[in-house]
Amino acid sequence: LINERCIQPLCELVQNQETHTNIKQSVSRCFALFASNTETHRQLLTSSVIASIKILLSSTRDTTCERFGVLTVANLALCESNHSVLLKAALLESLLLLHKSDDVET
């Protein structure tokens with residue numbers, strides 16, 4: 001299982017505007033992998049992770065960050081108990097990026 005000590009530095013990397021895009025891509029992959037395990041969802045549904053996912057989806061303008069950000073949201077959305085948090089954070093709309101994306105892998 002993951003804990004706050006593991007997640008917080010990742011969130012700080014994403015939220016720092018000076019962090020290189022390659023690092024943000026790696027963090028987005030980590031979030032998607034963490035979210036693939038339902039046992040980690042509680043730790044991922046914190047305000048700092050949600051804010052980081054929003055940054056990955058909108059501010060980076062990088063298809064890899066967007067791809068794995070959307071995968072994170074999709075993995076979290078697999079559990080019905082997460083839906084209210086995702087709706088309040090307006091993250092479910094990010095799934096529409098899949099439809100609009102020109103990225104073949106997305």
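Calculation notes
Residues numbered from 1 in each chain as written. Predicted model: local features only at pLDDT ≥ 70, side-chain atom pairs only at ≥ 80, totals over all residues. Heavy atoms only, no water. Helix = DSSP H or I, 4+ residues; strand = E, 2+ residues; numbered from the N terminus. Expected span 1.5 Å × (residues − 1). Buried < 20%, exposed > 50% of the residue type's maximum accessible area, 1.4 Å probe, protein only. Contact = heavy atoms within 4.5 Å. Axes fitted to C-alpha atoms, helices over the stretch in contact; angles between N-to-C directions. Parallel < 35°, antiparallel > 145°, perpendicular 65-115°, else oblique. Left-handed = near helix turned anticlockwise from the far one by under 90°. Core = buried A, V, L, I, M, F, W, Y, C linked by side-chain atoms within 4.5 Å. pLDDT = per-residue confidence, 0-100.

In an α-helix, one turn spans 3.6 residues; hence positions three or four apart end up facing the same way. Its 12 residues give helix H4 (residues 47-58) an end-to-end C-alpha distance of 16 Å, which sits within 8% of 16 Å, the value for a rise of 1.5 Å per residue. Buried within H4 we find Ser48, Val49, Ile50, Ser52, Ile53, Leu56 and Leu57.

A separate point is the side chain of His41. The residue His41 is located in helix H3 (residues 41-44) in this model. Non-local contacts of His41, meaning those with residues more than four positions away in its chain, are made with Ala35, Asn75, Leu76, Cys79 and Asn82.

Below, the discussion takes up the packing of helix H2 (residues 21-35) against helix H5 (residues 63-77). Contact geometry of H2 with H5 gives a least axis separation of 8 Å together with a crossing angle of 15°. Put simply, H2 runs roughly parallel to H5. As for how H2 packs across H5, the hand of that crossing is left-handed. Contacts from Thr21, Lys24, Gln25, Ser28, Arg29, Phe31, Ala32 and Ala35 of H2 reach H5 at Thr64, Cys65, Phe68, Gly69, Leu71, Thr72, Asn75 and Leu76.

It is worth spelling out the nonpolar core at this point. Among the nonpolar cores identified, the biggest contains 24 residues, and Ile7, Phe31, Leu44, Val49, Ile53, Leu76 and Leu91 are the most heavily contacted of them. Aside from chain neighbours lying at most four places away, what touches Val49 is Ile7, Cys11, Phe31, Gln43 and Leu44.

Another point: the environment of Gln25. Looking at the element boundaries, Gln25 is found in helix H2. On a C-alpha basis, the gap between Gln25 and Arg67 in space is 9.4 Å, while along the polypeptide they are 42 residues apart. The residues contacting Gln25, other than those within four sequence positions of it, are Asp62, Thr64 and Cys65.

The next thing to look at is the confidence of the model for the protein. For the protein, mean pLDDT is 87; residues scoring 70 or higher make up 89% of the total. Mean pLDDT across the secondary structure elements of the protein bottoms out at helix H7 (residues 96-100), with 66, and peaks at H2, with 95.

Checked against the element boundaries, Lys54 lands in helix H4. According to the relative accessible area criterion, Lys54 is partly exposed, its value standing at 36%. Put simply, Lys54 and Gly69 are 15 residues apart on the chain and 8.0 Å apart in space, counted from C-alpha to C-alpha. Setting aside chain neighbours within four positions, we find Lys54 in contact with Ser59, Ala89 and Leu91.

Locating Asn75 in the fold gives a position in helix H5. Overall, Asn75 belongs to the buried group, its relative accessible area being 12%. Those residues in contact with Asn75 that sit more than four places away from it in its chain are Ala32, Ala35, Ser36 and His41.

It is worth spelling out H2 at this point. Between its terminal C-alpha atoms H2 stretches 21 Å, which fits the 21 Å expected from 15 residues at 1.5 Å a residue. Of the residues making up H2, those classed as buried are Lys24, Gln25, Val27, Ser28, Phe31, Ala32, Phe34 and Ala35.

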